[in-house]
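In case you want the letters, here they are:
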Amino acid sequence: MRPSISTLPLKLRIITDANEESFDLPNPQQLPITPHYDSDLSARAFDLYLTAVAIHELERHLHNSVNLRKHVKKVIIPLTNEGYRQIDLAAASNTLNNVALTIFSKNIQFDFEPHGGYQTDFYQENAEYEAVCLFSGGADSFVGVLDANEQYNSIVALNIKHARSTTPQKYVECLNRNVLNPEGIPFNAIDVSNQIGKGYSQTRGLLYQTCAGIEAVRYSAKTIVLSECGTTMYQPSFGIFDRVTYTSDPMVQKASLRLIRNYLDCNLTITTPYENNTKSEMFSSSKRKNELRNTFSCISSRFRGNLGCCYGCAIRRIGFLVSGIEDSQYHYDLFSIADDSRLHRYGRIKGNVRITEFLELMRFCFDLLTDYESIDPVKRKRIDHYHKQDLFRRFALDTFASLHILSNYDITKINPRINAAYRDALNYISEDELNARIDYVRNMTNS
Amino acid sequence: MPVLGDGASVKDGLKSLQTKITDGKYNDAVSVAARVIAVSEPGTRSLFLSLRLAKVGYQLYSVAEKEYNETGDYRSALAHALIKETLHEFTESDPSLVEEGVKICWDRLKDEMGISIAHEEIDDLVVNSIVNVLNNASGVKGFDYGSFLEDACENGIKMLFDAEVGSKENKDALLGRSYQEQKEFEKMLKGASGELAKEIVSRIMNDKESKEDMPEKITKSILEQVLNEAIDKYTSS
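Throughout what follows, the structure given in this document is the object of discussion.

Comments concerning the overall build of chain B
In step 1: Helix and strand counts for chain B come out as eleven helices and zero strands.
In step 2: When the elements of chain B are put in sequence order from the N terminus, they spell out α-α-α-α-α-α-α-α-α-α-α.
In step 3: The C-alpha radius of gyration computed for chain B amounts to 18 Å, which stays within 12% of the reference 18 Å derived for 237 residues, consistent with globular compactness.
In step 4: Along the first, second and third principal axes, the C-alpha atoms of chain B reach 55 × 40 × 35 Å.

Here is the structure:
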């Protein structure tokens, strides 16, 4: 799918107290710029795409510039003439203002300006599907797309393809070839600009979900399936000042839906079938357990394969261990790395950094199980807001259950600090409870 | 940690805190933690800014309290107060309404004061210190200005302590202790946050100028004074 581009490079204008800076909006496929006028749908679909891209680019610029971050007041986004006339601009501005408040903690005003030409491939298709299922090549969306294929009469798997993101793309292509295609699941991709480096890209969820909205309207689908597990969707902060992912946060879902309904004048829904499940529970209910290991979960996509020590890999490993499903190979074994080892693929940081991060996760899980009220309200605000205490209690059990499983294999292989914390936790959490949890998850099988 | 800054005194203090935690000398560790805030310019400034925003927060609370006294529904009363104050189109049922509303108030206050903050952690500390008070004030009758400031200040100090303990070295040291010790130390820090906040706010309320206008210089001087006095108090206990 080649979604862009307009007659001239379109500009994102960021206005601060003192001045204004403007940035070219990216053209992911470097398409030739040709004036083109088409139906209302393609114009507004292009506008929706460009608005989501603009927010993603805004995040990039705020990330890169302290000055912009400190002083940003207003942002102006280009819209086609058609869109400028037809979209409820005040409502769109309000939605984006809420997104900025939550994600950037900034009260930014959003405005729009019209432009002339555009070229887009966002046309209404003759084929119809009941649902669009977002597919990233990760374990959650892999389980979700296969499940959705049984739940709905017809689905299309949609991948949002970031420029220069070769590793995840290889996984996506491989899974499409080996699983989706043989299962008869159609696959599409929409190109977007490259990922924002250094930490989580917080606005990518808005980009993915609005792209899914465009795809849904093109294929007359009424549902977007977002198959992320609940523990990622509602991920709490383990530290007071930690940044957590907003990719599938309910606020982002709501904002995406508002934009989709406003721009495309349609009534779609986003469904999140796994919002009350942990990863282990999702994996256990997977239809193709043997293929699960061929998915990609690592936060770093610079190297081939899952590195093993980031948060994404850690919770993936917990999920695989507890569900008893064969996992992929990792570059590093999080549970056994030595504190003084150098992790070259993580910028040569020492093993103890990753071990300490895992100990912090263990501590959070310990509090979840033994003294929930003692957890700082800032850390547990998402859990409280969305009433997900039981979900996270199961997640906490999974975390200690995975260590319980490992300790039954070869305790000498576990990092001594992790082992000490695990042994200490056993003074408060019974092994019977952990065994019961493992049995429960492994018996959840759906096949 | 940007919220503490990276001055030499702060670095030395954090190193000393690490030693105290590693040695299990928790009373001394609390004292060192207070000293780190006292010598941290961004730390004391964050506390001062929390107190300034608490003034706005208390006005919001007062408006909400009036409606709450009539309806008995604090959440709804608070939502209405925030919508009225910020003129923002919030959905009343939005679970993060209080946080978003306080962020708007904070943005406005920064404009009024002519300041800008480069580090998100400072914004987070200031906003969260007020959000927590507003969220927890549910059903509290007769929550006065002093109590509101005290709770906001306690939250701010607690978060600064968290920032200290959350620094790389100290996190290593604390997570290396047993869960029981970790929790005991955290309880001590929480207790100290409350005591320090009480003393700070009592001095602010006893000084007419501080109470009404809360000038930065005087308020920060009170903060530093109380934090420095605390150093002896916790070491000797």
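Digging into the environment of S407 of chain A
Residues and elements named next belong to chain A.
In step 1: Note that S407 resides in helix α15 (residues 389-409).
In step 2: Relative accessible area serves as the criterion here: at 12%, S407 is assigned to the buried category.
In step 3: In sequence terms S407 and R423 are 16 residues apart; their C-alpha atoms lie 9.8 Å from each other.
In step 4: Excluding its chain neighbours within four sequence positions, the residues that come into contact with S407 are I414, Y422 and R423.

Observations concerning the sheet that holds strand β1 (residues 11-16) of chain A
Residue and element names in this part refer to chain A.
In step 1: Judged by pairing direction, the sheet is mixed, and its four strands sit side by side in the order β2-β1-β3-β4 without closing on themselves. Looking along the sheet, the strands with just one partner apiece sit at the ends: β2 (20-24) and β4 (109-115). Neighbour-to-neighbour, the strand axes of the sheet open up by a mean angle of 25 degrees, direction not taken into account.
In step 2: Looking at chain direction, β1 and β2 are connected through five bridges and run antiparallel. If you follow L12 over to β2, its bridge partner there is F23.

Looking at the sheet that holds strand β5 (residues 131-134) of chain A
Residue and element names in this part refer to chain A.
In step 1: Pairing within the open sheet is parallel, and its five strands lie in the order β7-β6-β5-β8-β9. Of all strands in the sheet, those with a lone pairing partner are β7 (187-192) and β9 (269-271), marking the two edges. Across this sheet, the average inter-strand angle for adjacent strands is 30 degrees, counted without regard to direction.
In step 2: In terms of strand pairing, strand β6 (residues 155-162) meets β7 through six bridges, oriented parallel. Directly across from A157, in β7, lies its bridge partner F187.
In step 3: Against the sheet, helix α6 (residues 166-183) engages β6 and β7, with an angle of about 160 degrees to β6.

Some remarks on helix α4 (residues 74-86) of chain B
In an α-helix, one turn spans 3.6 residues, which is why side chains three or four residues apart end up on the same side.
All names here are of chain B.
In step 1: Helix length check: α4 (13 residues) gives 18 Å between terminal C-alpha atoms against 18 Å at 1.5 Å per residue, within 8%.
In step 2: Residues of α4 that are buried include every one of Y74, S76, A77, L78, A79, A81, L82 and T86, and no others.
In step 3: A side-chain oxygen of the first residue of α4 lies 3.4 Å from the backbone nitrogen of R75; this N-cap is D73.
In step 4: Following α4 by one or two positions, L87 adopts a phi angle in the positive range, close to 55 degrees.

Things to note about helix α5 (residues 97-113) of chain B
Residues and elements named next belong to chain B.
In step 1: Compared with the 24 Å implied by 1.5 Å per residue over 17 residues, the 24 Å span of α5 between its first and last C-alpha is a close match.
In step 2: With 13 of its 17 residues buried, α5 lies for the most part within the structure.
In step 3: Looking at the residues trailing α5, positive phi occurs at G114, about 70 degrees.

Observations concerning the interface of chain B and chain A
In step 1: At the junction of the two partners, chain B supplies 39 residues and chain A supplies 40 residues.
In step 2: Both sides of the chain B and chain A interface together cover about 3500 Å² of buried area, and 48% of this is carbon and sulfur.
In step 3: The tally of links between chain B and chain A comes to ten salt bridges.
In step 4: Here K158 of chain B makes a salt bridge to D376 of chain A, at a shortest N to O gap of 3.0 Å.
In step 5: For the side of chain B that touches chain A, the per-class residue count stands at twelve nonpolar, nine polar and 18 charged.

Section: the packing of helix α13 (residues 351-370) of chain A against helix α8 (residues 168-175) of chain B
In step 1: Put simply, α13 of chain A and α8 of chain B touch, their axes get as near as 10 Å, and they point 55 degrees apart. In terms of their interaxial angle, α13 of chain A and α8 of chain B are classed as oblique. The element α13 of chain A and its partner α8 of chain B pack so that their crossing is left-handed. Together, N352, V353, T356, L359, E360 and R363 of chain A of α13 of chain A and K168, K171, D172 and L175 of chain B of α8 of chain B make up the contact between the two elements.

A few points about unusual backbone geometry
Backbone phi values are negative for most residues with the exception of glycine, while trans is the configuration of most peptide bonds.
All names here are of chain A.
In step 1: At S105, a residue that is not glycine, the phi angle is positive and equals roughly 55 degrees.
In step 2: Its relative accessible area of 15% is what places S105 among the buried residues.
In step 3: A positive phi angle, near 55 degrees, is found at S220, a position not held by glycine.
In step 4: For S220, the position within the fold is in the loop between α7 (204-218) and β8 (223-225).
In step 5: Overall, the relative accessible area of 31% leaves S220 in the partly exposed class.

Comments concerning the state of the cysteines
In step 1: Under the counting rule described, the total for this entry stands at zero disulfides over all chains.
In step 2: Between C174 of chain A, a cysteine without a disulfide, and C298 of chain A, which holds the nearest cysteine sulfur, the sulfur-to-sulfur distance is 17 Å.
In step 3: We note that C105 of chain B lacks a disulfide partner, and the nearest cysteine sulfur, in C153 of chain B, lies 20 Å from it.
In step 4: Exposure remark for C105 of chain B: the relative accessible area of 5% places this residue in the buried category.

Some remarks on the pattern of salt bridges
All names here are of chain A.
In step 1: Under the criterion given, the structure shown has 49 salt bridges over all chains.
In step 2: Here R437 ties to E281 by a salt bridge, and the two come within 2.8 Å at their closest N and O atoms. In this pair, R437 is assigned in helix α17 (residues 431-442) and E281 in helix α10 (residues 279-284), connecting sequence segments 156 residues apart.
In step 3: Residue R437 is classed as buried on the basis of its relative accessible area, which comes to 5%.
In step 4: For E281, a relative accessible area of 2% corresponds to the buried category.
In step 5: Residue E373 pairs with R380 through a salt bridge whose shortest N-O separation is 3.6 Å.
In step 6: Residue classification places R380 among the buried residues on the basis of a relative accessible area of 10%.
In step 7: Via salt bridges that share partners, E281, D390, R393, R394, D398 and R437 belong to a single interconnected network.

Calculation rules
Residues numbered from 1 in each chain as written. Chains lettered and ligands numbered in written order. Predicted model: local features only at pLDDT ≥ 70, side-chain atom pairs only at ≥ 80, totals over all residues. Heavy atoms only, no water. Helix = DSSP H or I, 4+ residues; strand = E, 2+ residues; numbered from the N terminus. Rg over C-alpha atoms; globule rule 2.2 N^0.38 Å. Buried < 20%, exposed > 50% of the residue type's maximum accessible area, 1.4 Å probe, protein only. Contact = heavy atoms within 4.5 Å. Pairing = 2+ DSSP bridges. Axes fitted to C-alpha atoms, helices over the stretch in contact; angles between N-to-C directions. Expected span 1.5 Å × (residues − 1). Polar contact = N/O pair within 3.5 Å; in protein donor to acceptor, adjacent residues only side chain to side chain. Buried area = accessible area lost by both parts, 1.4 Å probe. Salt bridge = Lys/Arg side-chain N within 4 Å of Asp/Glu carboxyl O. Nonpolar A, V, L, I, M, F, W, Y, C, P; charged D, E, K, R; others polar. Parallel < 35°, antiparallel > 145°, perpendicular 65-115°, else oblique. Left-handed = near helix turned anticlockwise from the far one by under 90°. Disulfide = S-S within 2.5 Å.

Everything listed here is a matter of coordinates, which is why it stays silent on function.
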